[in-house]
Amino acid sequence: MAVVVAKFGGSSAADGIQIRKIKAIVDSDPGKRYIVVSAPGKRFSADSKVTDMLYLLKTQIDVSAPYEQVLQVVKERFLGLEADLGVDVGIADEFSVIEKKLKDGASADYLASRGEYLSAKVIAAFLGYEFVDTAGLVLFNEKGKFLHDETDAALGATLAKYERAVIPGFYGTTPDGNIKTFSRGGSDITGALVARAVKADVYENWTDVSGFLMADPRVIENPKAIKNLSYKELRELSYMGASVLHENAIYPARLAGIPINIRNTNLPDDPGTIISADDEVHGGQIVTGIAGNKDFIVIGIHKNMMSNEIGFIKLILSILEDYKIPIEHIPSGIDTVSLVIAKKYLDDKLDDLLEEFEKKLGADSIEIFENMSLIATVGHGMASVQGVAAKLFNSLTEAGVNIRMIDQGSSEMNIIVGVETKDFETAIRAIYDAFVAESS
Ligand code: ASP
């Protein structure tokens, strides 16, 4: 029987109704032996996530503001789950421990982790599975750096003793036993680590959408779902801002060759998206997805005879390094080089950076273009077909979009265009219509 690790996100663990859906999903397949869960998320749009409330608790304490009410709200959510699901995991006692630790100066990581810890306790009891804590199994070094191989060994050895277990996501421990969390959304990572450790056949990641969509639904009405996505394609798409899965969840699954299946807890019959190493082109499809990101700035540097000057680009890059500014793309011409940089990295550094460039580069001119957006059209199918670029540029021309920058990766699985932010939505629609809507 295939071993399945199923991770359920915050929306899937938000209340008793959702947790009953988890049970139906888990009970439908005896292969679902290891279940990783998030803290309860929002039950309705104005609701608060438990994790957010736990961070708020810490802030209240740090500024010596009253915290009791926030703690009470979190406690009531878990007491409510206990009562609703008819389980007894000692929530009241757990909160006495938390309150005591809180008074002793508990860390933000410890407090935040309690959401996952208690969620896993409740869900384990409801499913009739064993609860296995990740403290001492998901391991970080004393500096807080995550330890991949040590974690794999510890998780593997412990989980081998359990036929079925529920495991809290999001956190582990440092050598002194203190709790350390991953970054936000990090239960996805725990799920992938568990999948690797138990050598699962598939890592199911259950959330509130039926996988990845071919384009942002805020721009394209009812975009098609992506059935198959390779790791490389996902990287190109997530890098541009499509976030369904935590980026760092890919590595462990990819390393172990385990496909990730994104599924929808509310529509469990939907097949969702399968992410795997499979680079095949499915169903003759050229484009797999289109993702875009607004808010880039372009710094255009012009210097006569630039191309003959040795070390010029290196000098630019070393200045950017000094300022700790990452760079997205560097399209260049014979005497020009453009630096495409996400605006957020320049917010408080642009003036100083320009001053430094002026001092050190001896450029003839330096121009700034604000409001640039990047759009990536991605798909393995693009490499084998002629005329893809022509079709893409034509669609933009016909839509009246001025292309400011073009970049094609050498693997030919992506074409990135830079357009003015005012044209962002129009450009995405034009590309989608040309490659996706037309082919259906
Ligand atoms: N509960 C954590 C968060 O809200 C981790 C997770 O859900 O993956 O970020």
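Refer to the structure presented above.
Only a predicted model underlies this, so the values are computations on that prediction, with no experimental measurement involved.

Basis of the calculations
Residues numbered from 1 in each chain as written. Predicted model: local features only at pLDDT ≥ 70, side-chain atom pairs only at ≥ 80, totals over all residues. Heavy atoms only, no water. Salt bridge = Lys/Arg side-chain N within 4 Å of Asp/Glu carboxyl O. Helix = DSSP H or I, 4+ residues; strand = E, 2+ residues; numbered from the N terminus. Buried < 20%, exposed > 50% of the residue type's maximum accessible area, 1.4 Å probe, protein only. Phe/Tyr/Trp six-rings, centres within 6.5 Å; stacked < 30°, edge-to-face > 60°. Lys NZ or Arg CZ within 6 Å of the ring centre and 35° of its normal.

## Digging into the pattern of salt bridges
- Scanning all chains against the criterion turns up 24 salt bridges.
- Residue Asp-84 pairs with Arg-20 through a salt bridge whose shortest N-O separation is 3.1 Å. With Asp-84 in helix 3 (residues 68-85) and Arg-20 in helix 1 (residues 16-27), this pair connects stretches of sequence that are 64 residues apart.
- Taking the shortest distance from any N to any O, the salt bridge between Glu-247 and Arg-235 comes out at 2.6 Å. Remark: Arg-235 occurs in helix 8 (residues 231-238) and Glu-247 occurs in the loop between helix 8 and helix 9 (250-255); sequence separation between them is twelve residues.
- On the basis of relative accessibility, which here comes to 46%, the residue Arg-235 falls in the partly exposed class.
- Here the salt bridges do not stand alone but share partners, grouping Arg-404, Glu-420, Lys-422 and Asp-423 into one network.

## Quick notes on the packing of aromatic side chains
- By the definition in use, this model includes six aromatic pairs.
- Ring geometry for Phe-140 against Phe-146: centres 5.5 Å apart, planes inclined by 65 degrees, an arrangement best described as edge-to-face.
- Residue classification places Phe-146 among the buried positions, given a relative accessible area of 15%.
- When the ring of Phe-146 is compared with that of Phe-182, the centres are 5.3 Å apart and the planes differ by 65 degrees; the resulting orientation is edge-to-face. Of this pair, Phe-146 sits in the loop between strand 3 (130-131) and helix 6 (148-159) while Phe-182 sits in the loop between strand 6 (179-181) and helix 7 (187-197), placing them 36 residues apart in sequence.
- Each member of the aromatic cluster is reached from another via a ring pair, and the members are Phe-140, Phe-146 and Phe-182.
- Over the face of the ring belonging to Phe-131 we find Lys-121, whose NZ or CZ atom lies 5.0 Å from the ring centre.
- The aromatic ring of Phe-140 is capped on one face by Lys-180, whose charged end is 5.8 Å from the ring centroid.

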